[in-house]
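These are the residues of each chain, in order.
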Amino acid sequence: MYRRLSTSSTSTLLKSYSLPINSKELKSKYLPKHRLSLINHETSIEKLQSSLFPSANIYIKRDDQLDSYASGNKLRKLEFLFADILSRPQCQHIITAGSLHSNHCKAVAILAARFKKQAHILLRTDRDEHDEQILQGNVLLNYLLGSKLYLIPKKANIKDEIEPRMKQLEDKLGGKDKCYSIPIGGSDTVGLFGYLDCFINEIVPLIDKYNLGHLVIPVSSGGTMEGLVLGNYFTSNRLRIHAFAVSDNQNYFKTHFNTILHQLELDHLIEHINNNNLVNIIDSYVGLGYGRMTDEQINFLRTIISETGIIFDPVYTGKCLWGLHEELRTKKLDQYSNNNNKNILFLHTGGLLGLMNPDYGKQWLLSNNNHIQNWMKL
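Residues numbered from 1 in each chain as written. Predicted model: local features only at pLDDT ≥ 70, side-chain atom pairs only at ≥ 80, totals over all residues. Heavy atoms only, no water.

Novice: Provide a residue-level description of the pairing of strand β10 (residues 240-245), including the pertinent values.
Specialist: Along β10, six of the six residues are buried, which leaves the element largely enclosed by surrounding structure. The two faces of β10 match: R240, H242 and F244 on one face and I241, A243 and A245 on the other face are all buried. Direction of pairing for strand β9 (residues 212-219) relative to β10: parallel, over a ladder of six bridges. Among the inter-strand pairings, V216 is bridged to a residue of β10, identified as H242. Since β9 and β10 lie parallel, the crossover through helix α7 (residues 223-234) that links them has a hand, and here it is right-handed. Sheet topology note: the β10/strand β11 (residues 280-282) ladder contains three bridges and is parallel. Bridge pairing links A243 to I281 in β11. (Buried < 20%, exposed > 50% of the residue type's maximum accessible area, 1.4 Å probe, protein only. Helix = DSSP H or I, 4+ residues; strand = E, 2+ residues; numbered from the N terminus. Pairing = 2+ DSSP bridges. Right-handed = clockwise from strand over helix to strand, strands pointing away.)

Written out as structure tokens, the structure is:
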């Protein structure tokens, strides 16, 4: 699904953009002027067939198939963010941040290399540069792609510690004319158009076709959720959106969303977010924390992967799907049983290469020795 790029094709990939609907609420000054054509759109839809979901009709939108390396939902945001970057001829440096094995950071590194920009990536970790295990998975890819890597504390706060570091680096590299800072996950007023556009163009046509009443998504940095919620709002709120937090809590995501709405001059929607009218944010399944799984979650994940042949990662999609399973099992999913038997669309946001984090291997092995039963001696 990913289009191989060359420096000579940049001008042909940068397309003028117009919102596919006419919304009087969203002011034109906030609409992206360009979109970088990075992906062939319309990812496939398939029915989830698993013994773990015996009675619910669940369809999966396979955004994990958008690209093998740059990772699913990240590319939708980066189509708009990199269009903005390439419209600034003086910009030579791209600064972003994330967890040690961040798929977002790896996607930025890939595109920065392709478009001859220098990526500067701040990675949250307790490891140091002398750790023999640090150069693996996405970190290794970032390194091979020529990114400059900066290790920052694993528990660094975004507002108080990460953003000031990014600003400090930006000033050191020549300021805003030469640098472009992308927030964690690409979740800002530019990046969210990736999924606002996706909802209008790709999801709306599925609603009647599959008798959909619900959209289920993982939420971490917020941009995917925010784009989908606004797309749903601008097209008459036909779906109930359930966002399963994989880190942080409901208040964090509402605060972030409220900030985005204020920046877009959509303050009249803030009350609806705070009252859960536009999105049902569920923070009951974060478990042990970001990227950490309980034994029960590990057993669930291994079962559904082996039954379906679809890879769900332990950070985002796996934890979200586990949350959906529990909400359905306990009949707590908001309005599900009383919504005219409407079906569920699950957005698979990707994250496959995040599994290469060696810490996840330890979790699989330490959680339950029965997982070794597939290993046999000859």
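Novice: Can you tell me about the pattern of salt bridges, naming the residues and giving the values?
Specialist: The final tally for this structure, using the stated rule, is 16 salt bridges. Across the pair K29 and E265 runs a salt bridge whose closest N-O atoms are separated by 3.0 Å. Taken together, the residues span a long stretch of sequence, with K29 in the loop between β1 (14-16) and β2 (34-36) and E265 in the loop between α8 (250-263) and α9 (270-274) at a distance of 236 residues. Close ionic contact of R62 with D64 constitutes a salt bridge, the shortest N to O distance being 2.8 Å. Residues R62 and D64 agree in their burial class; the two are buried. Each of the salt bridges in this network shares a partner with another, and the network as a whole consists of K61, D63, R76 and E202. (Salt bridge = Lys/Arg side-chain N within 4 Å of Asp/Glu carboxyl O.)

Novice: Got a sec to walk through the packing of helix α6 (residues 193-209) against α7? Specific residues and values, please.
Specialist: The interhelical angle for the contact between α6 and α7, taken along N-to-C directions, is 50 degrees, at an axis separation of 7 Å. With respect to α7, the element α6 is oriented oblique. Of the two elements, α6 crosses α7, and the hand of that crossing is right-handed. Contact residues: α6 offers Y195, L196, F199, I200 and I203, while α7 offers T224, G227, L228, L230, G231, N232 and F234. Considered class by class, the residues forming the contact of α6 with α7 number eight nonpolar, four polar and no charged. (Axes fitted to C-alpha atoms, helices over the stretch in contact; angles between N-to-C directions. Parallel < 35°, antiparallel > 145°, perpendicular 65-115°, else oblique. Left-handed = near helix turned anticlockwise from the far one by under 90°. Contact = heavy atoms within 4.5 Å. Nonpolar A, V, L, I, M, F, W, Y, C, P; charged D, E, K, R; others polar.)

Novice: Break down the sheet that holds strand β8 (residues 179-181) for me, citing the residues and quoting the values.
Specialist: Strand pairing within a sheet occurs via backbone hydrogen bonds; the two strands may be parallel or antiparallel. With parallel pairing, four strands are arranged side by side in an open sheet as β7-β6-β5-β8. Each of the sheet's edge strands pairs with one partner strand only, and the pair in question is β7 (148-152) and β8. Adjacent strand axes in the sheet meet at a mean angle of 20 degrees, parallel and antiparallel pairs treated alike. Pairing between strand β5 (residues 93-99) and strand β6 (residues 118-124): seven bridges, direction parallel. Bridge assignment links H93 to a residue of β6, and that residue is Q118. Along the sheet, helix α3 (residues 103-114) makes contact with β5 and β6, crossing β5 at roughly 160 degrees. Lying on the sheet, helix α5 (residues 158-172) is in contact with β5, β6, β7 and β8; it crosses β6 at an angle near 155 degrees.

Read these as geometric descriptors, not functional statements.
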